[in-house]
Amino acid sequence: MSIRVGKAAKAPAFPIAAHKALENNQLRANVRRATTTIRNKRALRVEEMPDWESLRSAGAAIKQHTLAHLDHYLEEFVRNCERAGGKVHWARDADEANSIAINLIRTYTPKDSTAPVEVIKVKTMTSDEIQMNHALEREGIVPIETDLADMIVQLGKDEPSHIVVPALHKNRTEIRDIFRASMAQPELTDQPEDLTAAARKYLRERFLRTKIAVSGANFAIADTGSVCVVESEGNGRMCLTLPEVLITLVGIEKVIPSFGDLEVFLQTLPRSATGERMNPYNSLWTGVTPGDGPQHFHVILLDNGRTKLLEDEMERETLQCIRCAACLNACPVYRETGGHAYGSIYSGPIGAILSPQLQSLEHSRSLPYASTLCGACYEVCPVKINIPEVLIHLRGRVVREDQKTLKGKLGVENIAMQAAATIFRSERRYEASQRLARIGQLAFERKGLLTNLPGMAGGWTATRDLKPIPSHSFRDWWKSRNNTTWSPKSNMSQGGAN
Amino acid sequence: MTAREEILARIQGALHVRASDPANGHGKIERTYTRTTSMNEHETIELFIDRLVDYDTEVIQVASDSEIAGAVAQSMTKAQETALLAPAGFPQEWLPTSIAITLDENLSHVTLDAEKTVITTCEAAVASTGTIFLVHGGTQGRRVITLLPDHHICIVRRSQVYSVLPEALAAVTANATKPITTISGPSATSDIEMVRIRGVHGPRSLTVILVS
Ligand code: SF4
């Protein structure tokens, strides 16, 4: 089994990568501007919906219901899709999905063709997750990304840093330089209009000549067997309409029970993702339609670690995600570091819970800590995933797994935490330790603040000042107060008087 | 075990506590969001026009079918366009006689790519989001014909405009397995510094002829 999430296995830990990102002022400015713009637009479009909370609850309920019957709905989807002329393949992991795609591409390529085989692709995070482009390139197949941002990332030999706007870390001059270098257009200006026009021209001929497309899917609809792709630029429609062969890669959690359920997600997704009332285009199709669009349609249903998340109800919540990226835009950590620091194509709060779980905490162990647990992600999530709760749960798992190893057991942190637990369990030990700390801290106190603690605590005080433990604690005061008995009533009247 | 069997077995193994009948559970999902509104036709149309304009869509209102051809000519003259593509079997009386018409009889992609303007009807529309539903085929055309040309002119009847998305979706459910495209304004991107640019790969302009 090879469960992979992009290149996460090789990525450095979050604190190390984040440090590097924080030194890049250009990147931080770009990320901040982009996330602020989307956040504001989102807030505007959500505010005008009096039934927003009901839509969120319904979205969460539909997803929870689907996941609780995932086998049933997947089989229903397969039946209906195949009845309409589609062909469904199942892939246990990244390698299996890639080899299915490669075999299909080979099958549909004329045997005598000598030119390199090209495929056009429309924005699919799932294909980044399984690193499909690398797999295709190894086989001599040329993947052409057609979403403007994906194209910027691909031509710039970069990695996506956001799940909806993958190139948001680049500004217009950086993009102009990438386009100048790869499109043979030395005169190109950095005006967004010109850059967009250049992309249109560059891709139009490729859309017209390419016979095979690979897409992702936002929703796979069980009761009709249809697939839905949500997009803005029209590159999706091009890829879904013009080629002769269409291969659609779908994570198994993308299935929804019925066509009618779109009434929830097509309202919450665009508003959450780009702050639009509706994105310019949604495409829905079912199998093959004679005389309209690709006449060969294949779906690859991908597991790649997803089934493991079903077992635990809290982890299962992660699979409700509709990839709107609202949690990224809202996250105070993401807004400072951008996406690359997460070392996974899934970044931000959702990345911090998704990547480590898909790979069973083998990699991305630092990601559950890449959060302040402020809760902004949960508040904006259109399917109500309680990300902070899942993060805490995962931190617990990381610690428990660490404790199983000798290195973890003898680690400073573990010993400190165990000691803390012993202290907190006993009133006497707790008070004694407070008295000790009060004496110990004297050596580090500067102008009434602790600014430079030794050892592990130094990591904390390197960027923050700490108030020293006061000479008189609440517990001391409580003991020494004048035996006045407390009652809820007297307390309330006091509160009122103040 | 095949991949299918194995994935299904993993799912069944993971879902140790099985909930009851799926259809029953799905029916019980609480849907307290707005599924119909009490907006009257006038309010709905006002809202629809407001949303269309917000997306840079040109709106021409006509009182009857007999004025459609004139509105088409008006929009094309303004855009300095001289040839019009229409789905095969499109009603002749809606097409201006002053303009060269090409009917899509399975035209090749290259031929279609040279077309500048296309006209179709639609299946339904949503006022609150400014969205038009095309259920492809017939006078709504194959998917490709409203994709390659630069300018899409769409005829929308006032009676086809619903106030909210759930109503419009319900209206197209009977045709759910045909190819469907929803269109909300011209194609656009905000990928470069979040500046909204109109017209990327799909049509750069959209005209709605709203017929009473
Ligand atoms: S976790 Fe929620 S907010 Fe974040 S991308 Fe997924 S659906 Fe959107």
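Computed from a predicted structure; not experimentally measured.

(A) Structural view of empty space enclosed by the protein. According to the stated counting rule, one finds 8 cavities of 30 Å³ or more in the structure shown. By volume, the largest cavity amounts to about 690 Å³. Breaking the lining of the largest cavity down by element, the ones donating at least two residues are helix 2 (25–47), helix 6 (125–129), strand 6 (226–231) and helix 12 (262–273) of chain A together with strand 10 (188–189) of chain B.

(B) Expanded view of the packing of helix 8 (residues 148–155) of chain A against helix 9 (residues 172–183) of chain A. All names here are of chain A. In the contact formed by helix 8 and helix 9, the axes pass within 10 Å of each other and the chain directions differ by 70°. Accordingly, the angle class assigned to the pair helix 8 and helix 9 is roughly perpendicular. Crossing hand, helix 8 versus helix 9: left-handed. Judged by residue contacts, Leu148, Met151, Ile152 and Leu155 of helix 8 engage Ile175, Ile178, Phe179, Ser182 and Met183 from helix 9. Within the contact of helix 8 with helix 9, the residues separate by chemical class into 8 nonpolar, 1 polar and no charged.

(C) Seen up close, the interface of chain B and chain A. The interface of chain B with chain A comprises 77 residues on the first partner and 90 residues on the second. Carbon and sulfur atoms make up 58% of the surface buried where chain B meets chain A, a total of about 7,200 Å² over both sides. There are 12 salt bridges connecting chain B and chain A. Note that B:Asp150 and A:Arg200 form a salt bridge whose closest N and O atoms lie 2.5 Å from each other.

(D) Looking closely at the environment of B:Ile119. Residues and elements named next belong to chain B. Examined against the element boundaries, Ile119 turns out to sit in strand 4 (residues 117–121). Counting along the chain gives 32 residues from Ile119 to His151, while the straight-line C-alpha distance between them is 8.6 Å. Once you skip the residues sitting within four places of it in the chain, Ile119 turns out to touch Val72, Leu84, Leu85, Ala86, Pro87, Phe90, Leu95, Ile153 and Ile155.

(E) The state of the cysteines, seen in detail. Residue and element names in this part refer to chain A. Evaluated as defined, the whole model comprises 0 disulfides over all chains. Left unpaired, Cys81 is separated from the closest cysteine sulfur, that of Cys228, by 14 Å. Unpaired in this structure, Cys331 has its nearest cysteine sulfur neighbour in Cys374, at a distance of 6.5 Å.

(F) Summary view of the site of the ligand. Taken together, A:Cys321, A:Ile322, A:Arg323, A:Cys324, A:Ala325, A:Cys327, A:Ile350, A:Cys381, A:Pro382, A:Val383, A:Ile385 and A:Ile387 are the residues near the ligand. Classifying every residue of the shell around the ligand gives 11 nonpolar, no polar and 1 charged.

(G) Just the environment of A:Met278, in detail. With respect to the helices, strands and loops of the structure, A:Met278 is situated in the loop between helix 12 and strand 9 (281–286). Residues A:Met278 and A:Arg45, spaced 233 residues apart in sequence, show a C-alpha to C-alpha distance of 10.0 Å. In this view, A:Met278 contacts A:Leu266, A:Pro270, B:Tyr55, B:Thr129, B:Thr131, B:Leu165 and B:Ser184; residues no more than four positions away in its chain are not counted.

(H) Fine view of the packing of aromatic side chains. Residues and elements named next belong to chain A. In total, this model carries 5 aromatic pairs over all chains according to the counting rule given. Members of the aromatic cluster, each reached through a chain of ring pairs, are Phe14, Tyr334 and Tyr342. It is Lys63 that lies over the ring of Phe265; its NZ or CZ is 5.7 Å from the centre. Stacked on the ring of Tyr202, the Lys or Arg Arg206 has its end atom at 3.9 Å from the ring centre.

(I) Fine view of the pairing of strand 9 of chain A. Within strand 9 of chain A, 6 of the 6 residues are buried, which leaves it mostly tucked inside the rest of the structure. Burial of the side chains of strand 9 of chain A extends over both faces: A:Tyr281, A:Ser283 and A:Trp285 are buried on one face and A:Asn282, A:Leu284 and A:Thr286 on the other. Here strand 6 of chain A pairs with strand 9 of chain A via 6 bridges, running antiparallel. Bridging across to strand 9 of chain A, A:Glu231 finds its partner in A:Tyr281. Bridging between strand 9 of chain A and strand 9 (residues 180–183) of chain B involves 4 bridges; their strand directions are antiparallel. Bridged to A:Ser283 within strand 9 of chain B is B:Thr181.

Analysis parameters
Residues numbered from 1 in each chain as written. Chains lettered and ligands numbered in written order. Predicted model: local features only at pLDDT ≥ 70, side-chain atom pairs only at ≥ 80, totals over all residues. Heavy atoms only, no water. 1 Å grid on protein atoms, 1.4 Å probe; cavity = no way out; pocket = protein on both sides within 12 Å on 5 of 7 lines; lining within 4 Å. Points joined across faces, edges and corners; volume = space filled by probe spheres on them. Helix = DSSP H or I, 4+ residues; strand = E, 2+ residues; numbered from the N terminus. Axes fitted to C-alpha atoms, helices over the stretch in contact; angles between N-to-C directions. Parallel < 35°, antiparallel > 145°, perpendicular 65-115°, else oblique. Left-handed = near helix turned anticlockwise from the far one by under 90°. Contact = heavy atoms within 4.5 Å. Nonpolar A, V, L, I, M, F, W, Y, C, P; charged D, E, K, R; others polar. Buried area = accessible area lost by both parts, 1.4 Å probe. Salt bridge = Lys/Arg side-chain N within 4 Å of Asp/Glu carboxyl O. Disulfide = S-S within 2.5 Å. Near = heavy atom within 4 Å. Phe/Tyr/Trp six-rings, centres within 6.5 Å; stacked < 30°, edge-to-face > 60°. Lys NZ or Arg CZ within 6 Å of the ring centre and 35° of its normal. Buried < 20%, exposed > 50% of the residue type's maximum accessible area, 1.4 Å probe, protein only. Pairing = 2+ DSSP bridges.

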